[in-house]
Amino acid sequence: MTVVIQSEQHLRRHRRVWSYVTMAALAVFFLFPLVFMFVSSLKPDAQILTDVTSLRAFLPVGDIGLDNYAGVFDRVPVGRFLFNSVLVTVLIVGLGLIVNSMCGFALSRLEWRGRGLVLALVIATLIVPFETIAVPMVYWVSKLPTLVWEGGLLKYDFGWLNSYHVQIVPFIANAFSIFLFTQYFSTIPKSLDEAARIDGAGWFTIYRKIIVPLAGPAFATVAILTFLPAWNQYLWPLMVVQQEELRPVMVGMQYFFQLNTAWGEVMAYTSLITLPVLVVFLSFQRAFVSSVAASGVKG
Amino acid sequence: MTTSLTAPAAPARQQLPRAHTRARTRRSTAGRRERRTGLAMASPALILLLLFLVIPVLLAFGLSFTNARLISPNPPRFVGLDNFVRAFTADPVFLRSTLNTFVFAAVVVPVQAALGLALAVLVNQKVRGVTAFRVIFFVPVVTSIVVVSILWKFMYQSDGLINSFIDTVTFGAWQGTAWLNNPSTALGAIIVLSIWQAVGFHMLIWLSGLQTIPEELYEAARMDGASPWQQFTNVTWPGLRSTMVFVLVTITIAALGLFVQVDVMTQGGPVNSTTTLVYHAVRKGYREQETGYGATISLIFFVIVLVIALVQRYLTRDED
């Protein structure tokens, strides 16, 4: 009897050791490119290429400094690119939270004709990948009307290309966000609305004062799930923004990379735009993890 | 879904006849206001979806039968099925793009789904420090795919990190190649980094599926003397059915849309070995300004995505 138990404990310990070894090996696999990137961004080009042959590739040793970072700022308006990306991301996420949660509220808590059909259509659009509509949409936005400020006059013109709004407006409404809000809101008891109605509250007040404060987790999930794609936008701004001052960081980096083979500076640029996201992720990792998990709950 | 949403309203309606007339008129004005408010609150999002999702989809259909160009003084002209005929008979790069896209998806979908599940099982153990590993495996997901592509392009160079690693572990017996410049290895190289970047996302989806399986089932299986593998095949796997559908559909759609890695690393080369449907659509429809033909390729891509997603849904449907 005791022998059996001992061997079982032994087996269990054995298994635990192995799973730690496996996880550690995988951790190395997932982290080594990023460590290599950060470390290389601190080294002169010649040293990066010689260090590659040994473990020195992953260690901040030798001629370490921030010269590459200074070089990036000298060569391209990377501060401007960062500002553009922050502006676009904040507006997509912020306006998206308002617009999509209102839609989710209307779809989950209000009675109106066509509601079921609208909800079904919104869900159906989830199957359309953005890549399908990207090319026709460039054509479409190039025909849309716009107002331009020209020589002290507000003029009516056509074409949304090369602007901030072309990077923002198409991505505010999001079928998946609407779906998540609708689902979350419908778990909140309807009796709350009824009580507020009896007290004379209007629907918008119910939305603002009752539902929004109760739906913190849904707002956090949607914010996180829309933040990453907005920050990482690439295909769309590549096509609709040619003007350098309006470029977001990702497209700015691709242009920088094409013109430049000084790997130290390229690594400095990639580190520069990866660090803020990593900091945000590590500080909110619990929320990130539960948001991603929530996105998969209903297929 | 729809039925569960409309159901709670029914009892309120049934109460109506019992209320006296004054209350009923008040209720019906309230009802009218409710309908109007509902539409008003939903409309900003619905109008935006109409403008930037529905209309572009319709345009993809409409433009593919025309010779529209992005910048042109002439209005688009109807050309019938010319674009489709051109794609399948006169554009070998399109056929190659379709093939590459399928090869990429055929490898990435099963491998990434299986690795994601393996990782999820690994980090679902109740051992100390396991959360830290979950976070580490997820780090590539929050790294931009543009950054990842540039970084791996550097590592894939002939004198890069990957080859020096191969050189070290094989003691110089095996020489690597310039992975992205070799037509027979370029797509494989892109597959590796794509899985490396995205697998952490699906690990978390699998993990949330795993955590819905009650612990008692495992206890019962252990009592019956089930080995870890038997526990997996008899308890874990059946419990993951709906998660599996979601994971397969999302990976498939993402894999078929391969674009950024190709645009940053290879521009479709060498000798078209990495060109994909979306890359080709952007090349034709945007860079060469042939919007009509680009829309045709986008439409074909969409039909493929739709068919595969529906087939997957059908094959993995609930038996009951």
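Residues numbered from 1 in each chain as written. Chains lettered and ligands numbered in written order. Predicted model: local features only at pLDDT ≥ 70, side-chain atom pairs only at ≥ 80, totals over all residues. Heavy atoms only, no water.

## Quick look at the interface of chain B and chain A
Thought 1: Listed by partner, the interface residues are 95 residues for chain B and 104 residues for chain A.
Thought 2: Note on chain B versus chain A: buried area summed over both sides is about 8700 Å², and carbon and sulfur give 80% of it.
Thought 3: The interface formed by chain B and chain A holds 0 salt bridges in total.
Thought 4: Linking chain B to chain A there are 9 residue pairs in polar contact (both at pLDDT 80 or more).
Thought 5: Of all the elements, helix α3 (residues 21–63) of chain B adds the most residues to the side of chain B that touches chain A, at 22 residues.
Thought 6: Partitioned by chemical class, the residues of the side of chain B that touches chain A number 66 nonpolar, 18 polar and 11 charged. (Contact = heavy atoms within 4.5 Å. Buried area = accessible area lost by both parts, 1.4 Å probe. Salt bridge = Lys/Arg side-chain N within 4 Å of Asp/Glu carboxyl O. Polar contact = N/O pair within 3.5 Å; in protein donor to acceptor, adjacent residues only side chain to side chain. Helix = DSSP H or I, 4+ residues; strand = E, 2+ residues; numbered from the N terminus. Nonpolar A, V, L, I, M, F, W, Y, C, P; charged D, E, K, R; others polar.)

## Thoughts on the packing of helix α14 (residues 263–283) of chain A against helix α7 (residues 145–155) of chain B
Thought 1: Contact pair α14 of chain A / α7 of chain B: the axes reach a minimum separation of 10 Å and the direction vectors enclose 150°. On the basis of their axis angle, the class for α14 of chain A and α7 of chain B is roughly antiparallel. Remark: the crossing between α14 of chain A and α7 of chain B carries left-handed chirality. Between α14 of chain A and α7 of chain B, the residues in contact are W263, V266, M267, T270, I273 and T274 of chain A and V147, I150, L151, K153 and F154 of chain B, respectively.
Thought 2: Its residues placed into classes, the contact of α14 of chain A with α7 of chain B shows 8 nonpolar, 2 polar and 1 charged. (Axes fitted to C-alpha atoms, helices over the stretch in contact; angles between N-to-C directions. Parallel < 35°, antiparallel > 145°, perpendicular 65-115°, else oblique. Left-handed = near helix turned anticlockwise from the far one by under 90°.)

## Considering the domain arrangement of chain A
Residues and elements named next belong to chain A.
Thought 1: Taken domain by domain, chain A consists of domain 1 (1–65) and domain 2 (75–295).
Thought 2: Each of domain 1 and domain 2 has a C-alpha centre, and the two are 36 Å apart.
Thought 3: Contacts between domain 1 and domain 2 engage 7 residues on the former and 11 residues on the latter.
Thought 4: Approximately 660 Å² of surface area, both sides summed, lies buried where domain 1 meets domain 2, with 76% of it carried by carbon and sulfur atoms. (Domains from an automatic or database assignment.)

## A word on the domain arrangement of chain B
Thought 1: When the domains of chain B are assigned, the result is domain 1 (2–52) and domain 2 (82–315).
Thought 2: Of note, the centres of domain 1 of chain B and domain 2 of chain B, computed from C-alpha atoms alone, are 44 Å apart.

## Structural notes on the UniProt feature "transmembrane region" (unreviewed entry) in chain A
All names here are of chain A.
Thought 1: Feature annotation in UniProt assigns "transmembrane region" (unreviewed entry) to the following positions: residues 17–39, 81–105, 117–141, 161–181, 210–231 and 266–284.
Thought 2: Spanning residues 17–39, this segment combines 100% helix with 0% strand, and its end C-alpha atoms are found 31 Å apart.
Thought 3: Between the end C-alpha atoms of residues 266–284 the distance is 28 Å, and the span holds 95% helix and 0% strand. (UniProt positions renumbered as here; feature names shortened; annotations may be inferred.)

## What about the pairing of strand β1 (residues 145–150) of chain A?
All names here are of chain A.
Thought 1: The pairing of β1 with strand β2 (residues 153–158) spans 6 bridges and is antiparallel. Counterpart to T146 in the pairing with β2 is D157.
Thought 2: Counting the residues in the hairpin turn of β1 and β2 gives 2 residues, including G151, whose phi is positive at 55°. (Pairing = 2+ DSSP bridges.)

## Topic: the environment of F83 of chain A
Thought 1: Relative to the helices and strands, F83 of chain A resides in helix α4 (residues 78–109).
Thought 2: Sequence separation between F83 of chain A and R113 of chain A is 30 residues; the distance between their C-alpha atoms is 43 Å.

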